[in-house]
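# Structural overview
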Amino acid sequence: MAAKVKPEQVIRYADMFAAMGSEPRLRIMRLLLSAHPEGMFVGEIGTELEITASTLSHHLDKLKNEDLVRVRREGTFLRYTANTKALEEVLGFLYAECCTRNRAVEPDKVVCCK
């Protein structure tokens with residue numbers, strides 16, 4: 001039996017997964033995590049991932065709306081960082097069932113990427 005999670009939490013997590021559910025946004029998240037905690041300027045993200053400014057803006061807005069990334073203005077530039085607290089929360093939601101209670105997935109296989 002699944003641990004009690006409020007329906008609004010499940011909806012929030014579903015929205016977060018949906019926001020990361022496109023190839024460009026997943027690549028953006030991975031890149032921002034690799035640049036943690038400093039983050040990256042929008043132009044750096046676009047250059048690194050070869051995404052046009054307008055398309056990148058759309059993807060960053062989706063991630064920001066779900067609180068997966070944070071943005072701050074530095075002069076005329078925008079710096080984006082991954083919101084690691086939000087990621088920890090959404091990953092913990094899955095981890096709680098799959099790796100702790102019923103061990104559907106062995107925890108050491110989750111922590112170790114191949």
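### A short note on the sheet that holds strand β2 (residues 69–74)
- Strand order in this open sheet of three strands is β1-β3-β2, and the pairing throughout is antiparallel. Here the strands that pair on one side only, and so sit at the sheet edges, are β1 (40–41) and β2.
- Looking at chain direction, β2 and strand β3 (residues 77–82) are connected through six bridges and run antiparallel. Bridge assignment links Glu74 to a residue of β3, and that residue is Phe77.
- Lying on the sheet, helix α2 (residues 23–34) is in contact with β1, β2 and β3; it crosses β3 at an angle near 90 degrees.

### Notes on helix α1 (residues 7–19)
- Given a rise of 1.5 Å per residue, 13 residues ought to cover 18 Å, and the 18 Å separating the end C-alpha atoms of α1 matches this to within 8%.
- Tyr13, Met16 and Ala19 are the residues of α1 that are buried. The buried residues of α1 occupy one face: seen down the axis, they fall within an arc of 120 degrees. The exposed residues of α1 that point more than 90 degrees off its buried face are Pro7 and Ile11.

### Focus on helix α3 (residues 42–49)
- Turning to α3, its buried residues are Ile45, Gly46 and Leu49. Take α3 and look down its axis: the buried residues cluster within an arc of 95 degrees, on one side only. Residues Thr47 and Glu48 are exposed on α3 and point more than 90 degrees away from its buried face.
- Looking at the buried side of α3, the elements it contacts are α2, β1, α4 (53–65) and β3.
- Where α3 ends, the next residue or the one after it, Glu50, has phi of about 55 degrees, a positive value.

### Some details on the nonpolar core
- The biggest cluster of nonpolar side chains holds 23 residues, and the ones touching the most others in it are Ile28, Met29, Leu32, Ile45, Leu63 and Leu68.
- The biggest single contributor to this core is α2, with four residues.
- Ignoring any residue separated from it by four or fewer positions in sequence, one finds Leu63 in contact with Ala19, Met20, Arg25, Ile28, Met29, Leu68 and Val69.

### What about the packing of α2 against α4?
- Where α2 contacts α4, the two axes come as close as 10 Å, and the packing angle between them is 70 degrees. On the basis of the axis angle, α2 is roughly perpendicular to α4. Note on element contacts: α4 touches α2 through Leu56, His58, His59, Leu60, Lys62 and Leu63, opposite Pro24, Arg25, Ile28 and Met29.
- Partitioned by chemical class, the residues of the contact of α2 with α4 number six nonpolar, two polar and two charged.

### What to know about the layout of surface pockets
- If you add up the space inside the largest pocket, you get close to 210 Å³.
- Forming the boundary of the largest pocket are Phe17, Met20, Leu26, Met29, Arg30, Leu33, Thr84, Leu87, Val90 and Leu91.
- Only α2 and α5 (84–101) provide two or more residues apiece to the lining of the largest pocket.

What counts, and at which threshold
Residues numbered from 1 in each chain as written. Predicted model: local features only at pLDDT ≥ 70, side-chain atom pairs only at ≥ 80, totals over all residues. Heavy atoms only, no water. Pairing = 2+ DSSP bridges. Helix = DSSP H or I, 4+ residues; strand = E, 2+ residues; numbered from the N terminus. Contact = heavy atoms within 4.5 Å. Axes fitted to C-alpha atoms, helices over the stretch in contact; angles between N-to-C directions. Expected span 1.5 Å × (residues − 1). Buried < 20%, exposed > 50% of the residue type's maximum accessible area, 1.4 Å probe, protein only. Arc of directions from axis to C-beta. Core = buried A, V, L, I, M, F, W, Y, C linked by side-chain atoms within 4.5 Å. Parallel < 35°, antiparallel > 145°, perpendicular 65-115°, else oblique. Nonpolar A, V, L, I, M, F, W, Y, C, P; charged D, E, K, R; others polar. 1 Å grid on protein atoms, 1.4 Å probe; cavity = no way out; pocket = protein on both sides within 12 Å on 5 of 7 lines; lining within 4 Å. Points joined across faces, edges and corners; volume = space filled by probe spheres on them.

No statement about biological role is implied by the geometric values presented.
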